[in-house]
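An overview of the molecular structure
One-letter residues, chain by chain:
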Amino acid sequence: MDFLNDSVTEFTERLASSAPVPGGGGASALVGAIGVALGDMVGELTVGKKKYADVEDDIRALMARAQELRVRLLKCVEKDAELFEPLSRAYGIPKDDPTRDEVMEKCLRDAASVPLEIFDLCCECIELQREFAEKGSKLVISDAATGVAFCWSAMYGAAVNVKVNTKLMRDRDYADKINAHIDEGMAKYRPIAEKVYEDVYRRFC
């Protein structure tokens, strides 16, 4: 798999096809990477400006972390496909096969692990966007708002791609622990993302 070297047209054609991958998890990772890249752009257009000299060190630190998160999210595009494909095959195991339950459980855990990682990365991206919006150049504040909207959407996409797998797990203690982590993250970061977006949006009303 080498989705990252696809053109935008090729990637979206793959998404629109009947192929099992890429799917919602990989798409969420890509959207999150685009979102955090917009925050990094805000930083690039802020550093070096006299007006923002007092926050330049902060902005540079935010940019460095944004670049790391973007790279990790892009890697998740491939990882999500790699770990979902075995699950798509496992669904085809006959129900009377004695190995089916064990294989399915492992595949469900593996398939949930990447969107869980994407979810956590997007939560951190939302935190970064809040700081980019607060400290970045006001000339590109709309890009911080757009970036947080993308990261917010990616967080939502990752969350549902975790839960579609935990729903089918037999180990309910493990599934409930993962679900609680997602619910807590949503409760914390959804209001942050909403506030960042709304605060910028109102400036143009």
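Calculation notes
- Residues numbered from 1 in each chain as written.
- Predicted model: local features only at pLDDT ≥ 70, side-chain atom pairs only at ≥ 80, totals over all residues.
- Heavy atoms only, no water.
- Salt bridge = Lys/Arg side-chain N within 4 Å of Asp/Glu carboxyl O.
- Buried < 20%, exposed > 50% of the residue type's maximum accessible area, 1.4 Å probe, protein only.
- Helix = DSSP H or I, 4+ residues; strand = E, 2+ residues; numbered from the N terminus.
- Polar contact = N/O pair within 3.5 Å; in protein donor to acceptor, adjacent residues only side chain to side chain.
- Contact = heavy atoms within 4.5 Å.
- Axes fitted to C-alpha atoms, helices over the stretch in contact; angles between N-to-C directions.
- Parallel < 35°, antiparallel > 145°, perpendicular 65-115°, else oblique.
- Left-handed = near helix turned anticlockwise from the far one by under 90°.
- Nonpolar A, V, L, I, M, F, W, Y, C, P; charged D, E, K, R; others polar.
- Expected span 1.5 Å × (residues − 1).
- Bend = angle between axes of the 7 residues up to and from the residue.
- Phe/Tyr/Trp six-rings, centres within 6.5 Å; stacked < 30°, edge-to-face > 60°.
- Lys NZ or Arg CZ within 6 Å of the ring centre and 35° of its normal.

1. Things to note about the pattern of salt bridges
By the definition in use, this model includes 16 salt bridges. Here Asp 6 ties to Arg 14 by a salt bridge, and the two come within 2.5 Å at their closest N and O atoms. Its relative accessible area of 36% is what places Arg 14 among the partly exposed residues. The salt bridge involving Asp 199 is made with Arg 202; its shortest N-O contact spans 3.8 Å.

2. With respect to the side chain of Asp 40
Mapped onto the fold, Asp 40 is located in helix H2 (residues 24-44). A distance of 3.3 Å separates a polar atom in the side chain of Asp 40 from a polar atom in the side chain of Gln 67. Sequence-distant contacts of Asp 40, that is, excluding residues within four places in its chain, are made with Met 63, Ala 66, Gln 67 and Phe 132.

3. Re the packing of H2 against helix H5 (residues 141-166)
Running from N to C, H2 and H5 point in directions that differ by 160 degrees, and their axes come no closer than 8 Å. When the axis of H2 is compared with that of H5, the two are roughly antiparallel. Here H2 and H5 pass one another in a crossing that is left-handed. Between H2 and H5, the contacting residues are Gly 24, Gly 25, Ser 28, Val 31, Gly 32, Ile 34, Gly 35, Val 36, Leu 38, Met 41 and Val 42 on the first element and Asp 143, Ala 144, Thr 146, Gly 147, Phe 150, Cys 151, Ala 154, Gly 157, Ala 158 and Asn 161 on the second. Along the lines of polarity and charge, the residues of the contact of H2 with H5 split into eleven nonpolar, nine polar and one charged.

4. A look at helix H3 (residues 56-90)
Three or four residues apart is the spacing at which side chains of an α-helix point the same way, because the helix has 3.6 residues per turn. With 35 residues, H3 should reach 51 Å at 1.5 Å per residue; the first-to-last C-alpha distance of 51 Å fits that figure. Where H3 bends most, the angle comes to about 30 degrees, and this point is Val 77.

5. Quick notes on the packing of aromatic side chains
Considering all chains together, one arrives at two aromatic pairs under this definition. Their ring planes at 70 degrees and their centres at 6.4 Å tell us that Trp 152 and Tyr 156 sit as a pair that is edge-to-face. Here the residue Trp 152 and the residue Tyr 156 both occupy positions in helix H5, the gap between them amounting to four residues, near one helical turn. In this structure Tyr 156 comes out as partly exposed when scored by relative accessible area, which is 33%. Geometrically, the ring pair formed by Tyr 197 and Tyr 201 is stacked, given 5.8 Å between the ring centres and 20 degrees between the ring planes. Highlighted residues: Tyr 197 and Tyr 201, both in helix H6 (residues 172-203), separated by four residues, approximately one helical turn. For Tyr 197, a relative accessible area of 26% gives the class partly exposed. Geometry around Tyr 174 places Arg 109 over its ring, the cationic atom sitting 3.7 Å from the centre.

Shape descriptors only; they carry no functional weight alone.
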